Amino acid sequence: MILKSILSVLLFFLIVLFSCKQKPSFQYAGEDWPAYHGDKTVSHYSKLDQINKANVNKLKEAWRYDGGEADPKDRSQIQCNPLIVNGILYGTSATRKLFALNAATGEKIWQFNPDKDSVLSGGVNRGLVFWKDGKESRLFYGTGAFLFAINPSTGELIESFADHGKVHLKKNLGRDVENNIYTLNTPGVIYNDLYIVGGRVSEGTGHIPGHIRAYDVRTGDLRWVFHTIPHPGEVGYETWPKDAYLKSGGANSWSGFSLDQERGIVYASTGSASFDFYGGDRLGSNLFANCIIALDAKTGKRIWHYQTVHHDMWDRDLPCPPNLLTIDKDGEQIDVVAQTTKSGFLFVLNRVTGEPIYPIEERPIRKSSLEGEEAWPTQPFPTVYPPFSRRN
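Parameters and conventions
- Position numbers for residues start from 1 in each chain and track the written sequence from start to end.
- The predicted nature of this model means local features are confined to residues of pLDDT at least 70 and side-chain atom pairs, given and counted, to a pLDDT of 80 or more, with totals for whole chains, interfaces and linings taken over all residues.
- Calculation of side-chain values draws on the structure's entire complement of heavy atoms; hydrogens and water are dropped beforehand.
- DSSP calls a pair of strands paired once it identifies at least 2 bridges connecting them.
- Each helix corresponds to a stretch of at least 4 residues labelled H or I by DSSP, and each strand to a stretch of at least 2 residues labelled E; elements are numbered beginning at the N terminus.
- Where helices are involved, their axes are fitted lines through C-alpha atoms of the stretch in contact, as for all axes, and angles between N-to-C directions lie from 0 to 180°.
- Think of it in three bands: residues with accessible area under 20% of the maximum for their type are buried, residues over 50% are exposed, and the middle band is partly exposed, with areas taken using a 1.4 Å probe on protein chains only.
- Here, two residues are considered to be in contact whenever any of their heavy atoms come within 4.5 Å of each other.
- Whenever a carboxyl oxygen of Asp or Glu lies within 4 Å of a side-chain nitrogen of Lys or Arg, that contact is scored as a salt bridge.

Strand order in the open sheet formed by four strands is β1-β2-β3-β4, and the pairing between neighbours is antiparallel. Only two strands of the sheet have a single neighbouring strand rather than two, namely β1 (83-85) and β4 (108-112). Between one strand axis and the next, the sheet turns by 20° as a mean value, whatever way the strands run. Bridge count for strand β3 (residues 98-102) against β4 is four bridges, and the pairing is antiparallel. Across the sheet, residue L101 finds its bridge partner in β4, namely K108.

Moving on, we come to the environment of L89. Along the chain, L89 falls in strand β2 (residues 88-92). For L89, a relative accessible area of 6% gives the class buried. As a C-alpha pair, L89 and I109 span 20 residues in sequence and 9.6 Å in three-dimensional space. Filtering out sequence-adjacent residues up to four positions away, L89 remains in contact with P82, L83, I84, F99, A100, L101 and A103.

The next subject is the pattern of salt bridges. Opposite charge on two side chains permits pairing when their charged atoms draw close. Applying the stated rule across the entire model yields 15 salt bridges. Two residues, E136 and R218, come together in a salt bridge whose shortest N-O distance is 3.9 Å. Of this pair, E136 sits in strand β6 (residues 136-143) while R218 sits in the loop between β13 (212-216) and β14 (222-226), and the two are 82 residues apart along the sequence. A residue is classified by how much of its surface remains accessible, and E136, at 29% relative accessible area, is partly exposed. Counted as one network, the salt bridges with shared partners bring together D133, E136, R138 and R218.

So, in structure tokens, the structure goes:
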């Protein structure tokens with residue numbers, strides 16, 4: 001996985017300031033920014049227009065928040081896409097402390113400092129999840145291998161959630177992974193009373209499975225698991241060696257999710273299998289690595305999948321969650337999933353069936369000359385939609 005440093009707070013305001021003027025095909029964020037990337041469709045869009053291209057050059061700094069982490073020993077970075085809910089900005093600092101600010105003034109309301117074990121487990125934090133049901137609300141926040149449930153009014157742990165306010169995500173993966181890398185770098189998504197989550201795992205030695213899981217937002221109990229490295233009897237099991245589910249790793253959804261709330265479908269994009277650059281110990285096409293996956297958000301059952309790279313040997317993780325759009329094709333409005341890739345391809349699929357909107361060709365590729373390796377003989381190439389980056 002190639003992690004890119006992002007000046008997230010700046011990015012947040014740029015998204016708000018330079019939003020396109022297209023007619024929306026679904027509900028965009030209003031004055032708030034209540035979800036990672038704006039909304040559960042991953043639109044990156046706000047309809048706010050008070051600040052625009054005509055007056056942006058006249059802007060002056062209104063306020064600044066200093067997290068107090070200028071010490072050179074704080075070797076981390078801010079990648080968080082902050083939330084704004086009811087005029088309060090929720091974000092994380094370079095050392096993954098959670099804070100709440102008055103969005104109008106920048107005044108700090110509270111700060112939550114995770115325990116030492118969470119901080120030492122490393123990684124970054126890219127965003128947060130806000131949940132509300134009637135008068136009850138919770139802020140879900142990940143750092144290291146832990147998922148915390150925080151009271152958004154006070155910044156305190158919700159003790160009734162899981163183990164005194166946190167879930168240890170190295171548990172419930174089907175094997176002992178305590179000494180291996182697992183980081184909740186990107187927030188999950190909420191469907192009704194379920195928090196659906198992925199995570200980052202090792203791409204080299206010590207690899208572990210990247211299963212997608214759903215937890216009860218009130219209790220922290222595990223509700224379902226989708227095995228991205230299939231177990232015996234599951235779809236895709238035959239695309240790996242027989243014992244892969246016991247020892248292989250990766251195929252994890254580290255970049256986040258999108259959700260069709262009305263249909264109850266959650267969409268995940270997955271990374272490559274481990275090791276990233278050698279697959280001699282995992283011969284086969286390796287489902288569900290490098291896949292766009294549609295799951296029943298209530299049960300975790302697979303609805304459809306599409307694999308963008310077969311038997312990845314090039315670290316071609318899907319680097320972002322799928323975008324949910326509505327397009328016009330030959331006068332027909334079609335709900336689609338649009339997925340960009342590290343290879344510069346755009347895969348556009350029917351949101352309900354997974355069928356390509358335009359043909360995708362399986363083209364022959366060169367055989368691998370690496371001892372023990374067997375490249376998959378073909379790879380998918382979209383047609384009609386041109387590559388958006390240079391290809392060798």
